[in-house]
Amino acid sequence: MLPRVGIGHLAVGFASKRLAPRVSLGWLVLAPIFADLLWSVFVLLGIERARIVPGITKAMPLDLEYVGVSHSLLAMTGWGVVLAGVFFASHRDARGALVVFAGVLTHFVLDWISHRPDMPLLPSGPRVGLGLWNYPLPALATEAAMLLAGVFIYLRITRPLPGGSSRGLLSLLAFLLAMNVGAYFGPPPPSVQPMAALNLATLFVVWMVQRIDQGRELVTA
Ligand SMILES: [Zn+2]
């Protein structure tokens, strides 16, 4: 079983460097994946409920029974305020805080497109979802294209510090793409708890992009 890293969400983080160049990539990537990290924690604590149902969508065998605390539009707005508030308190950067807030909310938009109608507007519903996950190849192609585009945007506005290179970033990109292909076509996870626990490994990606970002500088015209 491979972790299902939301590469579409990661893509938003990379691309948002354009809107807030001075904000570190770690923060920019953390914001759009924040809801999934919360989901992992809440599932492991038993606050939210989900189960593995192979075939429920063709690309994702996940039945989200209750995800109102991490994934409802209302709750995500609240989490966006919380994360942006923490960012503002530590950085005093209003524009950056706004981009962090918007980054958290983009999670709902992307999940709304890919999920079956299981994304609650309010914690108790109604639930919406366009179901791109019922079309595995277009779903995978869309997410992969988004990640490539996001990293491309990031590469255009930053460059390695003298003596550095972009190799680490490109290796991470290849790794994420390969892992997602494996997760898409591999067997479903045995149960939702290990899936949620493995999803917390996305924090490692946040740490890695933060390190990569520290080895780069903004390209000034
Ligand atoms: Zn999600």
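From a predicted model like this one, the values you see are computed outputs, not experimental measurements.

A. Here's a closer look at the overall build of the chain. Helix and strand counts for the chain come out as nine helices and six strands. Against the globule reference of 17 Å for 221 residues, the chain gives a C-alpha radius of gyration of 17 Å, in line with a compact fold. With respect to the three principal axes, the spread of C-alpha positions in the chain is 50 × 35 × 30 Å. With 221 residues in all, the chain has 42% of them scored as buried. At a minimum sequence separation of 6, the contacts of the chain that also span at least 24 residues come to 70%.

B. Looking closely at helix α7 (residues 167-185). Spanning 19 residues, α7 covers 27 Å between terminal C-alpha atoms, matching the ideal 27 Å at 1.5 Å per step. For α7, the complete set of buried residues consists of L169, L173, L176, N180 and A183. The buried residues of α7 occupy one face: seen down the axis, they fall within an arc of 105°. When the buried face of α7 is taken as reference, the exposed residues oriented beyond 90 degrees from it are R167, L170, S171, A174, A178 and F185. Structurally, α7 contributes buried residues whose contacts are with α1 (7-15), α6 (136-157) and α9 (202-214).

C. Expanded view of the environment of L19. Structurally, the position occupied by L19 is in the loop between α1 and α2 (25-45). The sequence separation of L19 and L98 amounts to 79 residues, and the corresponding C-alpha distance is 9.9 Å.

D. The nonpolar core, seen in detail. One finds L10, V29, F34, V100 and V104 to be the most contacted residues of the largest nonpolar core, which totals 56 residues. Setting aside chain neighbours within four positions, we find V100 in contact with W27, A31, L83, A84 and F87.

E. Structural context of the confidence of the model for the chain. Of all residues in the chain, 98% attain a pLDDT of 70 or more, and the chain-wide mean is 94. α7 is the least confidently modelled element of the chain, averaging 91 in pLDDT, while helix α4 (residues 73-91) averages 98, the highest of any element.

F. Molecular detail of unusual backbone geometry. Omega for the bond connecting G125 with P126 falls within 30 degrees of zero, at 0°, which places this linkage in the cis form. Phi is positive for R92, which is not a glycine, with a value near 50°. If you trace the backbone, R92 turns up in the loop between α4 and α5 (94-114).

G. Geometry of the packing of α6 against α7. Relative to each other, α6 and α7 sit at 170°, their axes nearing to 11 Å. By the angle between their directions, the pair α6 and α7 is classed as roughly antiparallel. On the side of α6, the interface is formed by P136, L140, E143, A144, L147 and V151, while α7 contributes L169, L173, L176, L177, N180, V181 and Y184.

H. Molecular detail of the packing of α1 against α6. It is at 8 Å that the axes of α1 and α6 come closest, and there the two elements cross at 20°. Relative to α6, the element α1 is oriented roughly parallel. Crossing of α1 over α6 shows left-handed handedness. Contact with α1, carried on its side by I7, G8, L10, A11, V12, F14 and A15, involves E143, A144, M146, L147, A149, G150, V151, I153 and Y154 of α6 and no other residues of that element.

I. Representation of the environment of V43 within the structure. By the secondary structure assignment, V43 is in helix α2. Here V43 falls in the buried class, since 23 other C-beta atoms lie within 10 Å of it. Separated by 62 residues in sequence, V43 and L105 place their C-alpha atoms 20 Å apart. Once you skip the residues sitting within four places of it in the chain, V43 turns out to touch E48, A50, V192, Q193 and A196.

What counts, and at which threshold
- Residues numbered from 1 in each chain as written.
- Predicted model: local features only at pLDDT ≥ 70, side-chain atom pairs only at ≥ 80, totals over all residues.
- Helix = DSSP H or I, 4+ residues; strand = E, 2+ residues; numbered from the N terminus.
- Rg over C-alpha atoms; globule rule 2.2 N^0.38 Å.
- Buried ≥ 20, exposed ≤ 12 C-beta atoms within 10 Å, placed from the backbone.
- Contact = placed C-beta atoms within 7 Å.
- Expected span 1.5 Å × (residues − 1).
- Arc of directions from axis to C-beta.
- Core = buried A, V, L, I, M, F, W, Y, C linked by C-beta atoms within 7 Å.
- pLDDT = per-residue confidence, 0-100.
- Axes fitted to C-alpha atoms, helices over the stretch in contact; angles between N-to-C directions.
- Parallel < 35°, antiparallel > 145°, perpendicular 65-115°, else oblique.
- Left-handed = near helix turned anticlockwise from the far one by under 90°.

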